[in-house]
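Read off the chains here:
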Amino acid sequence: QVQLVESGGGLVQPGGSLRLACAASGSIFSGYAMGWYRQAPGKQRELVAISPGGGTIKYADFVKGRFTISRDNAKNTVYLQMNSLKPEDTAVYYCTAVRLGKGNWQGDYWGQGTQVTVSS
């Protein structure tokens with residue numbers, strides 16, 4: 001059974017920081033890119049960042065310079081450090097695992113999502 005379990009969401013003021021974590025089952029971490037999508041109310045789910053685990057990390061333009069994705073292979077965990085948060089970053093953030101080599105970044109497995117709210 002593949003499982004992705006997210007943690008770390010919450011309420012933060014504009015300009016603040018949060019770190020999201022996603023713990024993956026051992027059978028999935030190798031051979032998969034790990035990443036984060038987000039979905040704001042009334043909007044489509046969008047890619048935030050993805051780490052192929054050896055390849056080039058991809059970031060959405062709207063988070064470049066503010067968010068950093070990292071992987072701890074020993075812990076089967078992927079992190080998203082979010083700095084300089086803006087109200088428009090408010091969304092449910094989803095961890096995803098994407099099978100390497102299939103030619104796109106559409107998620108194969110998903111976490112349950114964690115709410116991030118940026119508001120004063």
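Residues numbered from 1 in each chain as written. Predicted model: local features only at pLDDT ≥ 70, side-chain atom pairs only at ≥ 80, totals over all residues. Heavy atoms only, no water.

A. Region of interest: the overall build of the protein chain. The helix and strand inventory of the protein chain stands at one helix and 11 strands. Across the protein chain, helices and strands are ordered from the amino to the carboxyl terminus as β-β-β-α-β-β-β-β-β-β-β-β. Taken along the three principal axes of its C-alpha coordinates, the protein chain extends 40 × 25 × 25 Å. In the protein chain, which comprises 120 residues, the proportion classed as buried is 43%. In the structure as shown, the protein chain presents an accessible area of about 6100 Å², 45% of it carried by carbon and sulfur atoms. (Helix = DSSP H or I, 4+ residues; strand = E, 2+ residues; numbered from the N terminus. Buried < 20%, exposed > 50% of the residue type's maximum accessible area, 1.4 Å probe, protein only. Areas by Shrake-Rupley, 256 points an atom, 1.4 Å probe, with all protein chains shown as cover.)

B. Seen up close, the sheet that holds strand S1 (residues 4–7). Read from one edge to the other, the open sheet built from four strands follows the order S1-S3-S8-S7, with strand pairing classed as antiparallel. Of all strands in the sheet, those bounded by a partner on one side alone are S1 and strand S7 (67–72). Between one strand axis and the next, the sheet turns by 15 degrees as a mean value, whatever way the strands run. As paired elements, S7 and strand S8 (residues 77–82) share six bridges and run antiparallel to each other. (Pairing = 2+ DSSP bridges. Axes fitted to C-alpha atoms, helices over the stretch in contact; angles between N-to-C directions.)

C. Fine view of the pattern of salt bridges. Considering all chains together, one arrives at five salt bridges under this definition. Residue Arg38 is joined to Asp89 by a salt bridge in which the shortest nitrogen-to-oxygen separation is 2.9 Å. One end of the pair, Arg38, is in strand S4 (residues 32–39); the other, Asp89, is in the loop between S8 and strand S9 (91–99), with 51 residues separating them in the sequence. For the pair formed by Arg38 and Asp89, the shared burial category is buried. (Salt bridge = Lys/Arg side-chain N within 4 Å of Asp/Glu carboxyl O.)

D. Representation of the packing of aromatic side chains within the structure. For the coordinates displayed, the defined rule picks out three aromatic pairs. Where Tyr32 meets Tyr109, the ring centres are 6.0 Å apart and the plane angle is 55 degrees; that geometry is what we call tilted. You can see Tyr32 sitting in strand S4 and its partner Tyr109 sitting in strand S10 (residues 109–110), a full 77 residues away along the chain. Using a relative accessible area of 32% as the deciding quantity, one classes Tyr109 as partly exposed. Between the aromatic rings of Tyr37 and Trp110, the centroid separation amounts to 5.1 Å while the plane-to-plane angle is 70 degrees, which identifies the pairing as edge-to-face. Of the two residues, Tyr37 sits in strand S4 while Trp110 sits in strand S10, which places them 73 residues apart along the sequence. (Phe/Tyr/Trp six-rings, centres within 6.5 Å; stacked < 30°, edge-to-face > 60°.)

E. Main features of the environment of Thr117. In this structure, Thr117 sits in strand S11 (residues 114–118). What makes Thr117 partly exposed here is its relative accessible area of 25%. With 55 residues separating them in the primary sequence, Thr117 and Phe62 have C-alpha atoms 17 Å apart. Within polar-contact distance, the side chain of Thr117 engages the side chain of Gln115 at 3.3 Å. (Polar contact = N/O pair within 3.5 Å; in protein donor to acceptor, adjacent residues only side chain to side chain.)

Honestly, that's just the spatial picture; any functional story needs more than this.
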